[in-house]
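Tertiary structure, described
Listed below are the residues making up each chain.
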Amino acid sequence: MALTGFYGSRDSVELVATGGAKRGGGELTGAIQFARGDGFVPIVAGQRGAADRAAPYEQMGIALRGVAPVAAGVELQANLSAFTDSRDRGTDFTPVLSRGADASLRLIGSGRWRWAATGWLQHRDFSSGFASISATRDTATPTLDQHVPASGSGLRIEIEPPVGAGWTLRAGGDLRMVSGQTNELYSFVAGSPTRRRVAGGESSTAGLFADLSLERGDLTLTADARADRWAIRDGRLFEALLAGGTPLTDTRHTDRSGWEGSARIGAAVRAIDHVTLRAAAYTGWRLPTLNELYRPFRAGADATAANPLLSPERLRGAEVGIDLIPVTGLSLRATAFLNRLDDAIGNVTLGSGPGNFPGVGFVAAGGAYRARRNLDAIESRGVEVDLGWQSGPWRAGASWAFTDARVQASGAAALLDGLRPAQTAPHQISANLGYSGERLSLSATARYVATQYEDDLNLRALGDALTFDAVLRVPITSAVAIEARGENLTDALVETAVSGTGVIERSSPRTLWIGVSYRPR
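Since the model is a prediction, treat every value here as computed from it, not as a measurement. (Residues numbered from 1 in each chain as written. Predicted model: local features only at pLDDT ≥ 70, side-chain atom pairs only at ≥ 80, totals over all residues. Heavy atoms only, no water.)

1. Notes on the overall build of the protein
Selection rule: Under the scheme used here, helices are H or I runs from DSSP no shorter than 4 residues and strands are E runs no shorter than 2 residues, and both carry numbers assigned from the N terminus. The globule rule used here is 2.2 Å times the number of residues to the 0.38 power, and the radius of gyration it is set against is calculated over C-alpha atoms. Only protein chains enter the accessibility calculation, which uses a 1.4 Å probe; a residue is then buried when its area is under 20% of its type maximum, exposed when over 50%, and partly exposed in between. Contact definition: two residues touch when any of their heavy atoms are within 4.5 Å. For the purpose of counting charges, residues Lys and Arg are taken to be positive, whereas Asp and Glu are taken to be negative. His and the chain ends are not included. The atoms used to mark charge sites are NZ of Lys, CZ of Arg, CG of Asp and CD of Glu.
Helices and strands together make up the secondary structure of the protein, namely 1 helix and 33 strands. For the protein, whose C-alpha radius of gyration is 26 Å, the value lies close to the compact-globule estimate of 24 Å for 521 residues. For the protein, the spread of C-alpha atoms along the principal axes amounts to about 70 × 55 × 50 Å. Burial statistics for the protein: of 521 residues in total, 34% are counted as buried. Excluding contacts between residues fewer than 6 apart, the proportion of contacts in the protein whose partners are at least 24 apart in sequence is 60%. Across the protein, the 54 positively charged side chains and the 54 negatively charged ones have centroids separated by 3 Å.

Below, the structure is given as structure tokens:
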């Protein structure tokens, strides 16, 4: 069994316990986690009003895993987990409660013909409240009460037959099904809702896939492909006055289905000692989520409507790279890529508050009304570089990701043409240094994120941010250690949102932790 307990800034607590046992060729492991804190005020100090306060949180989770042989060469793996997360957004009428549970069973067969069969179930339950804040930020009034249950299930079967030295082949099929529904109370008058909305539907994807790879000396070739049949069905939207009477809206969306294919080919060759060259080309696709199809959402004063007519996104791309080990302990990995995402799903600004808008209800002054739309495309190109070094107890690393992404848009989204996608930073840089010895272990990490835009029109910029984290661990006995860690040590302002009126929300301020860990050897 292992135990850790931490106490941190703003009366925060983190507790984790893990354990396991082996018996009769099988094993059982489990983990339980609890965390809570008084939270921080999301709005930056100079813009707060009487309506703003700290946003507390409380989280709990449990996970169990069992492994047991059921026949010669056959193993059964079972997983079960559940969680709950309760918090709010730092004003009245903004509670957020997320709960979920997952269960899966997997059979694995070994031998010349390897195989695996997996089935899983998921359930999520999300509830949230939203509020309108006055221009002086001294009062909060409710605008939306939302409850969203959703469930998913799936099955995957794959086989790996013997195909000869150097060759590896995996083939199989999978089925994924999701259903969900949003239940909303909205159009508040004098603090009470006057209307209700129910929207939701189901989606499924059934596919066949095959992965083939070949290793011949310094050369590795890979190829994989899959074909999927997708369906979106039972889509519905119902709106009515709570006082009764004829429904305001009662729409049943037409069921849709289609076929999509995806593939990837790649090659890697060790050109000379310690130098490997890589290249790959690929296609892919993504079905709109039920959230995107049916669930509107709010962020501050902004409101975004769902769109039940969204089409799948389709990706085409290619990349080239190089892996270097110039000296022992030093490694460099660099990759350049070019991608095009056709029919990219984005949030498109169509109006501004104050006013009532379809699919979301009232939007306050300073808020934007947006709706999800398929853009013509998003093209992105970039470079990713990772550097690693280790010598004895010392280690260091650095990474840089550069992304130049641009929107191609027309029609109702024409104003977005040539702009950057929202919340896509062109530069992200990190560096770390660590030491692991018998008497202590320590590490420090620096992260930089460049300026990015919070909105689709590129009018609200989120400032760049440089943060520093550190961890120190001092063993007391072979099993017990004292640990201290600091997050955002310089208390840098990390902006996460900017409203139409310029109100800025921030990420976590400086947070310090002290704790004890027990890990028997």
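So, next bit.
2. Some words on a nonpolar patch on the surface
For clarity, the cut-off: Nonpolar side chains (Val, Leu, Ile, Met, Phe, Trp, Tyr) within 5 Å and like charges within 9 Å form the patches, drawn only from residues with over 30% relative accessible area and no salt bridge. Accessible surface area values rest on a Shrake-Rupley calculation with a 1.4 Å probe, where residue burial reflects the displayed protein chains alone. By convention in these notes, a salt bridge is any Lys or Arg side-chain nitrogen within 4 Å of a carboxyl oxygen on Asp or Glu.
A cluster of nonpolar side chains, contributed by Tyr-7, Ile-476, Ile-482, Ile-514 and Val-516, occupies part of the molecular surface with about 470 Å² of accessible area. Mapped onto the elements, Ile-514 comes out in strand β33 (residues 511-518).

3. Quick word on the packing of aromatic side chains
Put simply, the rule reads: Pairing of aromatic rings covers Phe, Tyr and Trp, the last counted by its six-membered ring, and requires centre-to-centre distances within 6.5 Å; plane angles under 30 degrees mean stacked, over 60 mean edge-to-face, and any other angle means tilted. A ring has a charge above it when a Lys NZ or an Arg CZ is no more than 6 Å from the ring centre and no more than 35 degrees off the ring normal.
Within this structure, the stated rule accounts for 3 aromatic pairs. Both rings, one in Phe-357 and one in Tyr-369, keep their centres 4.6 Å apart while their planes meet at 10°; by these two values the pair is stacked. Placement of Phe-357 in strand β20 (residues 355-357) and of Tyr-369 in strand β22 (residues 368-374) is noted, with a sequence separation of 12 residues between them. Neither Phe-357 nor Tyr-369 differs from the other in exposure class; each is buried. Taking the centre distance of 6.2 Å and the plane angle of 25° together, the rings of Trp-400 and Phe-402 count as stacked. What makes Phe-402 partly exposed here is its relative accessible area of 25%. Above the plane of the ring of Tyr-186 lies Arg-197, whose end atom (NZ or CZ) is 4.0 Å from the centre.

4. Description of unusual backbone geometry
Residue Gly-353 is joined to Pro-354 through a cis peptide bond whose omega torsion reads 5°. Residue placement: Pro-354 occurs in the loop between β19 (345-352) and β20. Located in the positive-phi region is Ser-187, a residue other than glycine, with phi close to 55°. Relative to the assigned elements, Ser-187 resides in strand β9 (residues 167-189).

5. Brief notes about the pattern of salt bridges
Per the counting criterion, the structure on display carries 44 salt bridges. For the salt bridge of Asp-52 with Arg-137, the shortest nitrogen-to-oxygen distance reads 2.7 Å. Of this pair, Asp-52 sits in the loop between β3 (26-37) and β4 (57-71) while Arg-137 sits in the loop between β7 (114-133) and β8 (140-160), and the two are 85 residues apart along the sequence. Per residue, the accessibility class of Asp-52 equals that of Arg-137, and both read buried. The residue Arg-370 makes a salt bridge to Asp-456 at a minimum N-O spacing of 3.3 Å. Within this pair, whereas Arg-370 is found in strand β22, its partner Asp-456 is found in the loop between β27 (452-453) and β28 (461-462), the two being separated by 86 residues in sequence. Just as Arg-370 is buried, Asp-456 falls in that class too.

6. What to know about the environment of Asp-38
Keep this limit in mind: By the criterion applied in these results, polar contacts are pairs of N or O atoms within 3.5 Å in which, for protein atoms, one can donate a hydrogen and the other can accept it, and in which residues neighboring in sequence qualify only through two side-chain atoms.
Within the element layout of this structure, Asp-38 appears in the loop between β3 and β4. Aside from chain neighbours lying at most four places away, what touches Asp-38 is Arg-10, Asp-11, Ala-54, Ala-55 and Pro-56. Among the polar contacts listed, one links the side chain of Asp-38 to the side chain of Arg-36, at a separation of 3.0 Å.

7. A look at the pairing of strand β16 (residues 302-305)
Operational definition: DSSP calls a pair of strands paired once it identifies at least 2 bridges connecting them.
By the alternation rule, side chains of β16 split into Asp-302 and Thr-304 and Ala-303 and Ala-305, which are all buried. With 3 bridges joining them, strand β15 (residues 297-299) and β16 adopt antiparallel strand pairing. When the bridges of β16 are listed, Arg-298 appears paired with Ala-303. Pairing geometry for β16 and β22, over 3 bridges, is parallel. Residue Thr-304 lies in a different strand from β22, and its bridge partner there is Arg-370.

8. With respect to the sheet that holds β19
Here is the rule we go by: Each axis is a line fitted through C-alpha atoms, taken for helices only over the stretch in contact, and angles between the N-to-C directions span 0 to 180 degrees.
Taken in spatial order, the 4 strands line up as β15-β16-β22-β19 in an open sheet, and their pairing is mixed. Only two strands of the sheet have a single partner each, and these edge strands are β15 and β19. Going across the sheet, the axis of each strand differs from the next one's by a mean of 30°, ignoring polarity.

9. Structural notes on the side chain of Ser-380
Positionally, Ser-380 belongs in strand β23 (residues 377-391). Dropping the residues within four chain positions of it, Ser-380 is found in contact with Phe-337, Leu-338, Asn-339, Thr-403, Asp-404 and Ala-405.

10. Regarding the side chain of Glu-495
With respect to the helices and strands, the residue Glu-495 is situated in strand β31 (residues 495-498). Polar side-chain contacts of Glu-495 include one of 2.8 Å to the backbone nitrogen of Gly-463. Those residues in contact with Glu-495 that lie beyond four places of it in its chain are Ala-461, Leu-462, Gly-463, Ile-504, Glu-505 and Arg-506.

11. Describing the pairing of β4
In terms of strand pairing, β3 meets β4 through 11 bridges, oriented antiparallel. Of the residues in β4, the one forming a bridge with Gln-33 is Gly-61. Pairing between β4 and strand β5 (residues 74-88): 14 bridges, direction antiparallel. The residue of β5 that forms the bridge with Ile-62 is Ala-82. Two successive antiparallel strands, β4 and β5, enclose a turn made up of 2 residues, where Gly-73 displays a positive phi of approximately 75°.

The values are spatial; any link to function lies outside them.
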